[in-house]
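Architecture at a glance
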Amino acid sequence: MKRLILSLPSVLGRGASKLKLRNNANTTTSLQGGREFSDEAVDHSTTPFPEFDSFKTHDELYQFSLNSPEFFWGTLARSRLKWFRDFGQVKDCDLIRGHIRWFLDGQLNVAVNCVDRHAEKNPDSIALIWEKDEPGTQEYVSYRELLQLVCRMSNVLESHGVKRGDRVAIYLPQSPVAVAAMLACARIGAIHNVVFAGFSAEALAGRIIDAQAETVITADQGVRGGKIIELKHVVDEAVQTCPCVKRVFVYQRTGADVPMGKLDINLDKELASQPDTHTPAVLDSEDYLFMLYTSGSTGKPKGIAHTQAGYLLYAGLTMKHVFDYQDKELFGCVADIGWITGHSYVVYGPLSNGAATLLFESTPVYPNPGRYWETVERLKLNHLYLAPTALRMLLKSGNSWVTRYDRSSLRKLGCVGEPLNREAWEWFYEVIGEKRCDICDTWWQTETGGIAITPRPSAPGAEIRPAMPMRPFFGIEPVLMEPQMGTELKGGNVKGALCIKRPWPGMARTIYGDHQRFIDTYYKTYHGLYFTGDGAYRTQDGYYQITGRMDDVLNVSGHRLGTAEIEDVIDDLEETAESAVVGFPHEIKGWGIYAFVVLKDEVNTPENEMKEQLKAMVKQRISGFAQPDVIMFAPGLPKTRSGKIMRRILRKIAANQPEELGDVSTLFDPGVVDALAEKHNQITKKS
Ligand code: WT7
């Protein structure tokens, strides 16, 4: 077996049965008197909220979390996190200004909270289960090993001059080294900027430049679904346009002979030569922990910035209570660390709880559609958290891929990223979970830091309804707003713009380098409320169902894309005059991408050639998953007299619903609508 970390002794065997797991994951440092702040270690594994045991029901506690946020969050921050210095003030927030600060004057280190305190208590317990691309080649990393690796990585970074506050771009495959890279940044106070290793060189370069990162950490190659991904090659291309980059660390995932240039540093060699101990930096609660780029309704992705204490508390608390995580369980979130789900529920949430967390390197269909369930059986996973798009795809492959594997270890199932339709929900519940496992449809966003609306099965006896995230998490107060009037919609059976009324510790603090854009995007539409960009429906009895994005953002296979980002690429084709991209409902991907492209006059290039060229451009400039499913060379775009494109009309055409077009009389040229509908029929009939 290829050893993961060069010189670290293996302390563990490979079979799940050999795992020696911790008996109590919680380290409590308490700083004040009173029962809630007593010095006894809080045992989170037996009572849901031992800090608040006078509350009889979760509903009571939920109300308390809204009415006494200082006491609620202050108590949990003290009981769940280890502090170097206690905080003075629980919060200082003014949403109108987008001013959000939690646990002021507190000092801590996130890596210590995620690794050191567990390594001290239960060094041999499992921290990471690396489910590599090839089935049956998993590797385990104990908390002791993870600590050593994080310390070595921290020493490597510091010895090359990486300092507190520096941005570090991480472009790595799902691996223990990737987790260690994130945690080493946290340990030394650098800000990580993980870029999903499926983004193109140009997209990577844009994110490196916007963050002004001097350091990049990558690998020779990645392996996914049996295919090699040339990561180093992509980075080489990207850094050519990034004058800010001073060094590129290269980890050997496959050992391929990749060319090393003058910026490149062999990471494996560096790790082996550094000591495995390191003194963690003392960081302030509100120092940045990471930034993560996500798409908005304009072309330029936003660097959503999260800070230390509030984010960690929220990720850890939600992981524990949404999935009812119990001590010794194996937690499996199959998201990539390149997305917020990977940050919060592969890395920070599970590790801050001292849990064993899965790093899934493969795909749901490699080598066949039984991969998830075979993995569950082999590793004996207790929790599985995945994306609806994967479920819908697997559902089509039939039940026999599921039932041939033993899934009895599973206890809770979750999903995130897009609405989980009823059919997929039922399949998840009945076939995958054999009606034994609660399904947590979790709604949240890169900006919320952690799960915000979810059935929350840890509430004893809580009813769970199919296909809706239902209940707000502690401290979250959703409101629905009437989009035209900007007034609050009260009561049940109403639909509106989903906003959140009060601050919570896990929420984003800013858009890196552009606080005004942060305020304009999230806090202006509904004065002083956090606007999510989603629409939602509230049932008669107060439960929430998400109706989808209200802005020009698409969720394609769980990947978030701005339509403007794609339009920017399409408009760069020589022959393009203008374009409009919209989403249309797609059976597997949730949303498909439909591009309406208006050509300049007198273009003679064959349409097929231009289609291929457009797809290649999108792949090169953004990523393969951003390529349009349908490209129509359109006779024109429906515009108002003032020149605004009426996307509503394009969406209806793309969705095959021309009869629902509504009033088109305000259009400058109403005739264009029929022409578009006809062209749409031609294209879709052909395919
Ligand atoms: C957008 C956020 C948070 C991790 C994954 C995506 C959509 C997310 C649900 C759900 C319906 C959902 C929303 C949201 N979304 N979860 N359970 N039901 N829609 O993070 O890339 O920041 O995207 O994903 O539209 O705004 P993201």
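The following paragraphs examine the structure supplied in this document. All of these numbers come straight from a predicted model, not from anything done at the bench. (Residues numbered from 1 in each chain as written. Predicted model: local features only at pLDDT ≥ 70, side-chain atom pairs only at ≥ 80, totals over all residues. Heavy atoms only, no water.)

Considering the packing of aromatic side chains
Any aromatic ring pair is given by two values, namely how distant the centres are and how the planes are angled relative to each other. Under the definition given, this model contains 44 aromatic pairs. On the numbers, 5.2 Å between centres and 80° between planes, the contact of Phe473 with Phe474 is edge-to-face. Note on accessibility: Phe473 and Phe474 belong to one class, buried. Over the face of the ring belonging to Trp130 we find Lys132, whose NZ or CZ atom lies 4.9 Å from the ring centre. The cationic tip of Arg207 hangs over the ring face of Phe199; the distance from NZ or CZ to the ring centre is 4.3 Å. (Phe/Tyr/Trp six-rings, centres within 6.5 Å; stacked < 30°, edge-to-face > 60°. Buried < 20%, exposed > 50% of the residue type's maximum accessible area, 1.4 Å probe, protein only. Lys NZ or Arg CZ within 6 Å of the ring centre and 35° of its normal.)

Quick word on the pairing of strand 15 (residues 288–294)
Counting buried positions along strand 15 yields six of seven residues, so the element is predominantly enclosed. For strand 8 (residues 191–194) and strand 15, the ladder comprises two bridges, and the chain directions are parallel. Looking at the pairing, Asn193 lines up with Met291 of strand 15. Pairing of strand 15 with strand 16 (residues 302–307) involves six bridges; the strand directions are antiparallel. Across the sheet, residue Tyr293 finds its bridge partner in strand 16, namely Gly303. (Helix = DSSP H or I, 4+ residues; strand = E, 2+ residues; numbered from the N terminus. Pairing = 2+ DSSP bridges.)

Digging into the sheet that holds strand 14 (residues 283–284)
Taken in spatial order, the three strands make up an open sheet running 1-4-14, and their pairing is antiparallel. Edge strands, defined here as strands with exactly one partner in the open sheet, are strand 1 (83–85) and strand 14. Across two bridges, strand 4 (residues 107–108) lies against strand 14 in antiparallel orientation. Residue Leu108 lies in a different strand from strand 14, and its bridge partner there is Leu283.

A short note on the nonpolar core
One finds Trp73, Phe103, Leu183, Tyr348 and Leu351 to be the most contacted residues of the largest nonpolar core, which totals 158 residues. Ranked by the residues each element gives to this core, the list is headed by helix 5 (residues 176–188), at 11 residues. What Trp73 contacts, discounting residues up to four positions off in sequence, is Val90, Trp102, Phe103, Leu313, Tyr314, Leu317, Phe474, Gly475 and Pro505. (Core = buried A, V, L, I, M, F, W, Y, C linked by side-chain atoms within 4.5 Å. Contact = heavy atoms within 4.5 Å.)

Here we look at unusual backbone geometry
At the junction of Tyr366 and Pro367, the peptide bond is cis and its omega measures out at -5° in the coordinates. Among the secondary structure elements, Pro367 is positioned in the loop between strand 18 (356–360) and helix 11 (371–379). The backbone of Asp105 shows a phi angle near 70°, a positive value even though the residue is not glycine. For Asp105, the position within the fold is in the loop between strand 3 (99–104) and strand 4. Asp105 gets classed as exposed once you look at its relative accessible area, which sits at 53%. Its identity is not glycine, yet Ser557 carries a phi of approximately 50°, on the positive side. Locating Ser557 in the fold gives a position in the loop between strand 28 (553–556) and strand 29 (559–562).

As for the sheet that holds strand 7 (residues 167–171)
If you walk across this open sheet you meet the eight strands as 13-12-9-7-8-15-16-25, and the pairing is mixed. The sheet terminates laterally at strand 13 (264–266) and strand 25 (510–511), the two strands that pair on one side only. Each of strand 7, strand 8, strand 9 (215–219) and strand 15 is contacted by helix 6 (residues 201–211), which is oriented at about 140° to strand 15, the strand it contacts most. Sheet strands in contact with helix 7 (residues 231–239) are strand 7, strand 9, strand 12 (247–251) and strand 13, and its direction is about 155° off that of strand 9. (Axes fitted to C-alpha atoms, helices over the stretch in contact; angles between N-to-C directions.)

Focus on the packing of helix 3 (residues 110–121) against helix 5
At a minimum axis distance of 7 Å, the contact between helix 3 and helix 5 shows a crossing angle of 120°. Comparing their axes, helix 5 and helix 3 come out oblique. The residues of helix 5 that touch helix 3, namely those facing Val110, Ala111, Val112, Cys114, Val115 and Asp116, are Leu183, Ala186 and Arg187. Across the contact of helix 3 with helix 5, the residue classes tally to seven nonpolar, no polar and two charged. (Parallel < 35°, antiparallel > 145°, perpendicular 65-115°, else oblique. Nonpolar A, V, L, I, M, F, W, Y, C, P; charged D, E, K, R; others polar.)

Overview of the site of the ligand
Near the ligand lie 17 residues; those nearest to it are Asp441, Thr446, Asp534, Arg549 and Arg560. In this structure, a nitrogen atom belonging to the ligand sits 2.8 Å away from a main-chain N or O atom of Thr442. At 2.6 Å, a side-chain N or O of Thr446 approaches an oxygen atom of the ligand. In isolation the ligand has 560 Å² of accessible area, and contact with the protein removes 96% of it. Sorting the residues of the shell around the ligand by element identifies helix 10 (340–352) and strand 27 (544–549) as the ones contributing at least two each. (Near = heavy atom within 4 Å. Polar contact = N/O pair within 3.5 Å; in protein donor to acceptor, adjacent residues only side chain to side chain. Areas by Shrake-Rupley, 256 points an atom, 1.4 Å probe, with all protein chains shown as cover.)

Topic: the side chain of Glu565
As for its position among the elements, Glu565 is in helix 16 (residues 563–570). Those residues in contact with Glu565, other than ones at most four positions away along the chain, are Ser295, Gly299, Pro301 and Ile622.

What to know about the pairing of strand 18
Judged by how many residues are buried, strand 18 sits mostly within the fold: five of five residues are covered. Neither face of strand 18 is left uncovered, since the one carrying Ala356, Leu358 and Phe360 and the one carrying Thr357 and Leu359 both have all their residues buried. Taken together, the two bridges between strand 17 (residues 330–333) and strand 18 define a ladder with parallel strand orientation. Opposite Leu330, over in strand 18, you have Ala356 as the bridge partner.

Focus: helix 10
The buried count for helix 10 comes to 13 of 13 residues, which makes it a mostly enclosed element. Gly354 sits one or two residues past helix 10 and shows a positive phi near 70°.

Some words on the environment of Asp264
Take Asp264: it is sitting in strand 13. For Asp264, a relative accessible area of 15% translates into the label buried. A C-alpha to C-alpha distance of 4.7 Å links Asp264 and Val248, two positions 16 residues apart in sequence. The residues contacting Asp264, other than those within four sequence positions of it, are Lys232, Asp236, Val248, Val250 and Pro259. Polar contacts involving the side chain of Asp264 include one to the main-chain amide nitrogen of Gly261, which spans 2.6 Å.

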